[in-house]
Amino acid sequence: MLSTKQKLGWAIVTVLVLIYALFPVLSILMTSFKSPADLSSGKFLPSQFVTDNYEQIFVGDAKDLFLPALWNSIGISLIATFIAVVLATLCAYAIARLDFPGKRIVLTTALMVSMFPVISIVTPLFNLWRQVGLYDTWLGLIIPYLSLTLPISIWTLAAFFQQIPWDLERAAQVDGASTWQAFRKVIVPLTAPGVFTTAIIAFFIAWNDFVYGIGLTSTSAARPVPAALAFFTGASQFEDPAGAISAAAIIVTIPVVLLVLAFQRQIVSGLTQGAVKG
Amino acid sequence: MSTTVDSSTRAPGTQAPKAKRQISDRVRAERKLGWLLAGPAFIIMLLVTLYPIVQALYDSLFSFRLTAPGDKEFVFLGNYATVFSDSLFWQNLGVTLLITVVTVLVELVLGLALALVMHSAIKATRGLLRTAILVPYGIITVVSAFAWFYAFDITTGYVNNWFDWVPGIGPDFNWFASQGPALTIIMASEIWKTTPFISLLLLSGLAQVPGELSEAARVDGASAWQRLTKVILPNMKAAIMVAVVFRALDAFRIFDNIFIMTQGQYGTEALSLLAYRTSIGRLEIGLGSAISVILFLCVMLIAFTAIKVFKVDLAGSGKGR
């Protein structure tokens, strides 16, 4: 059993880590509830909690900036995640289960791509997309997003798949299950957690993108939220956009917090398995 | 590759020629299926990176502005000469290197502390700690940038009020009007957001250090600090190196935080911003491409040095077991 002193020590350490992890989020949350006059109060807490900023981005002046961007972010990130996870599942299955020359080349390529400076991709694509009509479209972002989501998906899934007891599939077939039954009852339940975790990690990365977002879009047709936030200043009518930006920032942080709360264990194992094994 | 060799050398005398051909047929079918499944992902990865960098390499040899597309002219390495003779480039390279070195060092220390806390945390708080630490990891970098910016900004901030007892800080202190303070906040935001990732990498490295080692050292009378520096850290060197390389490469590409907080003004511009401002901002595709290529080469140089000189096995975990 822990002594009281040790318990107190852990309580202090836990509080310190919580402050570290959550203070900036709390800070922008407080800003989002300040009234325009309150923004320059120089205080952490709003003198009065008001929802003006949220009204502004959902029904007010900033609506036309924020709502299309939110829709773009959700759609583009989900599609890019889905394509990456499907392709990476096939690829990682081959790496984990089959013997073929070039296995290492595929993994090394994934590693190289994940190190690639995004800005070096954006410049040529900016030029090409304008010529082929992909500039400022969903597809024009989904394709480069694959350079962000595919490599990490392949690595994470390959690590997951290498730990799956695949022999169970044959065991099920020996016990009289059809191929389809063995797949559905054995393989899917075994692989689903890894695939799902990978999807969350890939989604975080797509959701986070900023460089492609500002480099390859020019209007609300495809501009995702992070890029739109940077444009709140110039395009909107009101003077200080801090309140509206903070409210929008909180809205796009909610899905992240929900996913983290629900799947903490899976995300941690997914992030650590894909990377280091000594 | 190795398995094919194995199967033919393992029992050469005992296999009939016919059986051998059957095996090689199966091997061939497996190879085909392997590439069929891995191929699409592989090709897409090449298309979205190899094509742009080759295009950038080509464009970088021309004097080419989108505003005057007719004046495209082959200048060979002229753009590179322009870049290298510009003091702004060297200044930006210096800022980029400074950010990389400082953030990686701070994150390593902070990440190790967090990893040790999570590793030895009692059950009651372990889940809570990991959940909390994942919040910065998942948050959008731009959101982090705004959070830090608004906290320190001269009009919307409160930090100046909280710390006005510190000499030099007062209600009129503008953090974003000079290089040192601005870079400090930019790096703080970067460190806050990416330390969780490094600490998770280190956590899995910690988990691989045999508990008996540390226990034996404790029995022999080693202090906690001695156990950390003499037993635990040397045994997780591989994990530390991988974490450092991944983060260094990431930090070298820093863009979002600077763009949001200062747009690169007051001597805070990093190479990524210079490339962006030149190509997409000023539409000087030739010059911008040259900077992009240089940035790419820098990243490759860091990765190559890490792998060859420091023998970091970045691809180690992907090997079959």
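Keep in mind the model is a prediction, meaning the values are calculated, not measured.

Student: I tried to follow the overall build of chain B on my own but got confused; where do I start?
Tutor: Secondary structure summary: chain B contains 14 helices and two strands in total. In terms of C-alpha radius of gyration, chain B reaches 26 Å, well past the compact-globule figure of 20 Å for 321 residues. Each principal axis of the C-alpha atoms in chain B carries an extent, and together these give about 85 × 75 × 30 Å. Considering only contacts within chain B whose residues lie at least 6 apart along the sequence, 67% involve residues at least 24 apart.

Student: Whenever I open this one, the overall build of chain A confuses me. Can you help?
Tutor: In terms of regular secondary structure, chain A is built from 11 helices and zero strands. Each helix and strand of chain A, placed in order from N terminus to C terminus, yields the pattern α-α-α-α-α-α-α-α-α-α-α. C-alpha atoms of chain A, sized along the principal axes, occupy 70 × 70 × 35 Å. Going through the 278 residues of chain A one by one, you find that 49% of them count as buried. Residue pairs in contact within chain A that sit at least 24 positions apart in sequence constitute 76% of those at least 6 positions apart.

Student: Help me understand the packing of helix α7 (residues 167-174) of chain A against helix α8 (residues 179-208) of chain A, please; the structure alone is not making it clear to me.
Tutor: Residue and element names in this part refer to chain A. Between α7 and α8, whose axes approach to 9 Å, the crossing angle comes to 135°. Here α7 lies oblique to α8, going by the angle between them. Between α7 and α8 lies a crossing whose hand is right-handed. Taking contact as the criterion, the partners of Leu168, Glu169, Ala172 and Gln173 in α7 are, on α8, Thr179, Ala182, Lys185, Val186 and Ile187. For the contact of α7 with α8, the class distribution of residues is five nonpolar, two polar and two charged.

Student: Whenever I open this one, the interface of chain A and chain B confuses me. Can you help?
Tutor: Accessible area lost upon the coming together of the parts serves often as the stated size of an interface. Contact residues are listed per partner, giving 89 residues for chain A and 89 residues for chain B. Of all the elements, helix α11 (residues 242-275) of chain A adds the most residues to the side of chain A that touches chain B, at 17 residues. Partitioned by chemical class, the residues of the side of chain A that touches chain B number 67 nonpolar, 19 polar and three charged.

Student: Before we go on, may I ask you to explain the domain arrangement of chain B in this structure?
Tutor: Residue and element names in this part refer to chain B. Here chain B is partitioned into domain 1 (2-59) and domain 2 (87-318). On a C-alpha basis, the centroid separation for the pair domain 1 and domain 2 is 38 Å. Facing four residues of domain 1, the contacting portion of domain 2 comprises six residues. Split by residue class, the side of domain 1 that touches domain 2 holds three nonpolar, no polar and one charged.

Student: Would you mind going over the nonpolar core with me for this structure?
Tutor: Soluble globular proteins tend to bury their nonpolar side chains together. Grouped together as the largest cluster of nonpolar side chains are 169 residues, with contacts concentrated most on Cys91 of chain A together with Phe146 of chain B. Take this core: its biggest share by element is 16 residues, from helix α3 (residues 63-97) of chain A. Here this core gathers at least three residues from each of two domains, domain 1 (2-59) and domain 2 (87-318) of chain B. Those residues in contact with Phe146 of chain B that lie beyond four places of it in its chain are Ile28, Leu229, Ile245, Ser246 and Ala249 of chain A together with Ile260 of chain B.

Student: So what exactly am I meant to see when it comes to the packing of helix α11 (residues 237-252) of chain B against helix α14 (residues 285-309) of chain B here?
Tutor: If you want to describe how two helices pack, look at the angle between their axes and the distance between the axes. Residues and elements named next belong to chain B. Axis separation between α11 and α14 bottoms out at 10 Å; the angle between their running directions is 170°. With respect to α14, the element α11 is oriented roughly antiparallel. For the pair α11 and α14, the contacting residues are Val245, Ala248, Leu249 and Phe252 in the first and Cys298, Val299, Ile302, Ala303 and Ala306 in the second. Partitioning the contact of α11 with α14 into residue classes produces nine nonpolar, no polar and no charged.

Student: Sorry if this is basic, but what is going on with the pairing of strand β2 (residues 68-74) of chain B here?
Tutor: Residues in a regular strand point their side chains to alternate faces of the sheet. Residues and elements named next belong to chain B. With zero of seven residues buried, β2 lies mostly on the surface of the structure. The pairing of strand β1 (residues 62-65) with β2 spans three bridges and is antiparallel. For Phe62, the partnering residue across the bridge sits in β2 and is Phe74. The antiparallel pairing of β1 with β2 creates a hairpin that spans two residues between the two strands.

Student: Honestly, the UniProt feature "transmembrane region" (unreviewed entry) in chain A in this entry has me stumped. Any pointers?
Tutor: Residues and elements named next belong to chain A. Within this numbering scheme, the UniProt entry marks residues 12-33, 69-93, 105-126, 138-161, 186-207 and 242-263 as carrying the feature "transmembrane region" (unreviewed entry). Annotation note: span residues 138-161, helix share 100%, strand share 0%, distance between end C-alpha atoms 31 Å. Regarding residues 186-207, the helix share stands at 100% and the strand share at 0%, and the terminal C-alpha atoms are separated by 32 Å.

Student: How should unusual backbone geometry be read in this particular structure?
Tutor: Among all residues except glycine, the phi angle is most often negative; among peptide bonds, the trans geometry is most common. Residue and element names in this part refer to chain B. Although it is not a glycine, Phe76 adopts a positive phi angle of roughly 55°. Looking at where Phe76 falls in the secondary structure, it is placed in the loop between β2 and α3 (78-84). The class for Phe76 is exposed, based on 10 C-beta atoms found within 10 Å. Residue Gln263 is not a glycine yet carries a positive backbone phi of 55°.

Student: Even after reading the chapter, I still don't get the confidence of the model for chain A, so can you show me in this structure?
Tutor: In low-pLDDT segments, the atomic positions of the prediction should not be examined closely. Here chain A averages 87 in pLDDT, while 95% of its residues score no lower than 70. Least confident of the elements in chain A is helix α10 (residues 225-235) of chain A, whose mean pLDDT is 77; most confident is helix α9 (residues 211-215) of chain A, at 93.

Student: Hey, could you run me through the environment of Ile250 of chain A in this one?
Tutor: Residue and element names in this part refer to chain A. In this fold, Ile250 is placed in helix α11. Residue Ile250 is classed as buried on the basis of its 21 C-beta neighbours within 10 Å. Excluding residues that lie within four positions of it along the chain, Ile250 makes contacts with Ile28, Leu29 and Ser32.

Scoring rules and cut-offs
Residues numbered from 1 in each chain as written. Chains lettered and ligands numbered in written order. Predicted model: local features only at pLDDT ≥ 70, side-chain atom pairs only at ≥ 80, totals over all residues. Helix = DSSP H or I, 4+ residues; strand = E, 2+ residues; numbered from the N terminus. Rg over C-alpha atoms; globule rule 2.2 N^0.38 Å. Contact = placed C-beta atoms within 7 Å. Buried ≥ 20, exposed ≤ 12 C-beta atoms within 10 Å, placed from the backbone. Axes fitted to C-alpha atoms, helices over the stretch in contact; angles between N-to-C directions. Parallel < 35°, antiparallel > 145°, perpendicular 65-115°, else oblique. Left-handed = near helix turned anticlockwise from the far one by under 90°. Nonpolar A, V, L, I, M, F, W, Y, C, P; charged D, E, K, R; others polar. Domains from an automatic or database assignment. Core = buried A, V, L, I, M, F, W, Y, C linked by C-beta atoms within 7 Å. Pairing = 2+ DSSP bridges. UniProt positions renumbered as here; feature names shortened; annotations may be inferred. pLDDT = per-residue confidence, 0-100.

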